[in-house]
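Survey of secondary and tertiary structure
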Number of protein chains: 2
Amino acid sequence: MNISEVGRATDLPAKTIRYYEEIGLIQPKRSANGYRSFDAQDVHRLRFLARARALGFSIEDCRSLLALWADRGRASADVRHIAKTHLKEIKDKIAALTAMQATLTELVDACAGNDRPDCPILQGLAD
Amino acid sequence: MNISEVGRATDLPAKTIRYYEEIGLIQPKRSANGYRSFDAQDVHRLRFLARARALGFSIEDCRSLLALWADRGRASADVRHIAKTHLKEIKDKIAALTAMQATLTELVDACAGNDRPDCPILQGLAD
DNA sequence: CATAAGGGTTCCCGTGACGGGAAGGTCAAG
DNA sequence: CTTGACCTTCCCGTCACGGGAACCCTTATG
C-alpha cells in the first residue's frame, strides 16, 4: 500500500503520514524502489492516531496512548489518567474561550457598527 | 520609562514588548545608552494590545485595531467587523472543544481506571 | 521509443507569538 | 572596584504540520 492510498484510507495527508514516520510513531517498510510500503498494522496505527488527534490529544499523548494500546499488560488507569488530564485542559480552554466570548459579545452588541467613529469596542480595549 | 517598568505597568513580559516593537506595533524611542525609552503613548498602546490579546485577537487583528483606534475618522463598523469575525472563530473553537469534551467524557466515564488492561478509551480510539 | 502525467522521495523554509539562554554593555550602590 | 541588577542583540526551540523545489519511478499514450 502506497502513501496516497493510505492517506485515503486514514483521511490523513501524505505530509502528515511522513511526519509521523519521521518522529517515530510508525515504521512502514520500504519497497525496492524506495517507496514506503504500509501494511495493515501501519494503517491501524494511523487510524488510531487520526482519532486521537481529532480528540485533541497532543502528539506526545498519542505516543503514550499508542504504547499503552500495544501493551497487553497495561493498566486502564494509565490510559484514563492521560485522558482525564487532557479533558481538564479542554475544559480549561473552553472556560477561557467562554469568558472571551462573553466579553466580546457585550462589546459587539454595544457597538452600532455604522460609519461613525465612536466605538464601545475600542473603548473597552482602551479602558 | 525603561522596559521592565513598562512590563509591570502593562503586565507584559519584556520579551513580548521587544517582540511588539520588532514587528512594528510600537516604536519606542531610545535613550543615549541604547535602552528603549517608553512614553505614555507607548504604554497606552501596550495596554491596548494586552487587552486585545487577552480577548484572543491575533496579532494582525491587533494591528488593525490599533490603526482604527488611532484613526479619528474610522467607522465603528470596521471595528465591529473584526470583532464579529473573531467572535465567530471563538464560537467555532468552543463548539469543536465541546464536541471533544463530550466524546472524551463518555470514554473516561466508561473506563474503570484500574490495573486491568481492558479499556473503553483505547477501544474507542481503535474502533 | 519518446514523452507526459501522475505517483513517489528528500530537503528546506515558514507558520504564531513568543520563551530561554548566551554574550556582552550600562548603571547605581557599597 | 566590584557586585548585582538592569539593559542590549542574536539565535534556537516551540507544535504539528504545509508549501514548494528538485528529483526519481511507473504507466499510458502518440
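Figured I'd write up the structure that's included with this text.

Thresholds, definitions, all that
Residues numbered from 1 in each chain as written. Chains lettered and ligands numbered in written order. Predicted model: local features only at pLDDT ≥ 70, side-chain atom pairs only at ≥ 80, totals over all residues. Heavy atoms only, no water. Least-squares fit on C-alpha atoms with pLDDT ≥ 70 in both. Contact = heavy atoms within 4.5 Å. Near = heavy atom within 4 Å. Polar contact = N/O pair within 3.5 Å; in protein donor to acceptor, adjacent residues only side chain to side chain. Helix = DSSP H or I, 4+ residues; strand = E, 2+ residues; numbered from the N terminus. Buried area = accessible area lost by both parts, 1.4 Å probe. Salt bridge = Lys/Arg side-chain N within 4 Å of Asp/Glu carboxyl O. Axes fitted to C-alpha atoms, helices over the stretch in contact; angles between N-to-C directions. Parallel < 35°, antiparallel > 145°, perpendicular 65-115°, else oblique. Left-handed = near helix turned anticlockwise from the far one by under 90°. Nonpolar A, V, L, I, M, F, W, Y, C, P; charged D, E, K, R; others polar.

1. A word on the relation of the copies chain B and chain A
Relative to chain A, chain B is turned by 180 degrees and slid 0.0 Å along the rotation axis, the superposed coordinates differing by an RMSD of 0.1 Å. A rotation of that kind, with that shift, is consistent with a two-fold axis. Taking C-alpha positions as reference, the residue of chain B nearest the rotation axis is B:Ile94, located at 2.9 Å. When the interface residues of chain B are mapped onto chain A, 100% of them again fall at the interface, so both copies present the same face.

2. Looking at the protein's contact with DNA strand D
Taken together, 19 residues surround DNA strand D, and among them A:Lys15, A:Tyr20, A:Arg53, B:Ser4 and B:Arg36 come closest. Atoms of DNA strand D within 4 Å of the protein belong to the sugar or the phosphate in 75% of instances, the rest to bases. Measuring from a phosphate oxygen of DNA strand D, one finds a backbone N or O atom of B:Ser4 at 2.9 Å. A distance of 2.7 Å separates a phosphate oxygen of DNA strand D from a polar atom in the side chain of B:Arg36. Those elements giving two or more residues to the surface near DNA strand D turn out to be α2 (14–22) of chain A together with α1 (3–10) and α2 (14–22) of chain B. If you tally residues by element for the surface near DNA strand D, the top one is α2(A), at four residues.

3. Regarding the interface of chain B and chain A
At the interface, 50 residues of chain B touch 50 residues of chain A. Interface area, chain B with chain A, both sides summed: about 4200 Å², of which 74% is carbon and sulfur. The largest share of the area that chain B buries against chain A comes from B:Leu104, B:Leu122 and B:Leu125, three residues that together contribute 16% of it. There are two salt bridges connecting chain B and chain A. There are 18 residue pairs in polar contact (both at pLDDT 80 or more) connecting chain B and chain A.

4. A look at the packing of helix α5 (residues 76–110) of chain A against helix α5 (residues 76–110) of chain B
It is the contact of α5(A) with α5(B), at a shortest axis distance of 8 Å, that shows an interaxial angle of 155 degrees. Compared by their axis directions, α5(A) and α5(B) come out roughly antiparallel. In this structure, α5(A) crosses over α5(B), and the sense of that crossing is left-handed. The class makeup of the residues in the contact of α5(A) with α5(B) is 16 nonpolar, eight polar and eight charged.

5. Points about the pattern of salt bridges
Note on pairing: side chains with opposite charge can pair once their charged atoms come close. Residues and elements named next belong to chain A. This structure, assessed with the given rule, holds 12 salt bridges over all chains. In this structure, Glu-60 engages Arg-63 in a salt bridge whose closest nitrogen and oxygen atoms are separated by 3.0 Å. With Glu-60 and Arg-63 both in helix α4 (residues 59–70) and three residues apart, the pair spans about one turn of that helix. Salt bridges here are not isolated pairs; linked through shared partners, they connect Glu-21, Arg-30 and Arg-36.

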